[in-house]
Amino acid sequence: MTQKSLIINGLPIRYSGVFSYEELYLTLKDSLIKRGYKLHEKRFEERMGDKGKNLFVELRPLKIKAAWLSLTMRIRLYITDMRDVVLEADEIPTTFQEGNIDMSFDGWITFGTRHRWGNNPTFYFVKSVINKWVYSFPMEGNLEGEVASDTRFVLGQVKAHLGLYKFKVKGQEYTYLLAWST
């Protein structure tokens, strides 16, 4: 029996403009590794559309706290109408991608009872009641805060990374829309 507790549900990022897909993925990967997660790519789809490539990437980073306890994130990355553009960054012609990015972040805690010593239903019920209303045990004490903090950290790193592109292509005869939605 496994119990999942959803903490963060669908935190969005929306961005339209110039970016580098490789740097975006590297930023995601580095920020997850800093927080102790192992990166698992669950799904990757690439399709050609009318205006450019359409990408869908679903990542499932996992942080194992104990044999019966783990923190999980789900990051869904949709990139639509992605095409390559060559712009000058620091007076050097550089290839960037242009398109629309929609990202969604979820975070949850998974309690597994398979490897726990107190595996019978009575003990599980009594501990759940005590943990919820009387006393939070140290192992489960601040898990909700930890998964929320980790998810917000990764979201903030991605926002900061995407915000840098408005300065990299400054002074170009190129217009783009920078729109945040959180």
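Shown above is the structure to which this text applies.
Residues numbered from 1 in each chain as written. Predicted model: local features only at pLDDT ≥ 70, side-chain atom pairs only at ≥ 80, totals over all residues. Heavy atoms only, no water.

Here the focus is the overall build of the chain. For the chain, the count of helices and strands is four helices and six strands. When the helices and strands of the chain are listed from N to C terminus, the series reads β-α-β-β-β-β-β-α-α-α. When burial is assessed residue by residue, the chain has 40% of its 182 residues classed as buried. Of the contacts made within the chain by residues no fewer than 6 positions apart, 69% connect residues no fewer than 24 positions apart. Accessible surface, the chain as shown: approximately 10,800 Å² in total, 52% of it carbon and sulfur. (Helix = DSSP H or I, 4+ residues; strand = E, 2+ residues; numbered from the N terminus. Buried < 20%, exposed > 50% of the residue type's maximum accessible area, 1.4 Å probe, protein only. Contact = heavy atoms within 4.5 Å. Areas by Shrake-Rupley, 256 points an atom, 1.4 Å probe, with all protein chains shown as cover.)

Let's shift gears to the nonpolar core. Phe 19, Ile 101, Met 103, Phe 105 and Leu 162 are the most contacted members of the largest nonpolar core, which has 38 residues in total. Breaking this core down by element, the ones donating at least two residues are β1 (2–19), α1 (21–34), β3 (53–59), β5 (69–89), β6 (92–112) and α3 (143–163). The contact partners of Phe 105, leaving out residues within four places of it in the chain, are Ile 8, Asn 9, Gly 10, Leu 11, Ile 13, Leu 28, Arg 74, Ile 75, Thr 151, Val 154, Leu 155 and Val 158. (Core = buried A, V, L, I, M, F, W, Y, C linked by side-chain atoms within 4.5 Å.)

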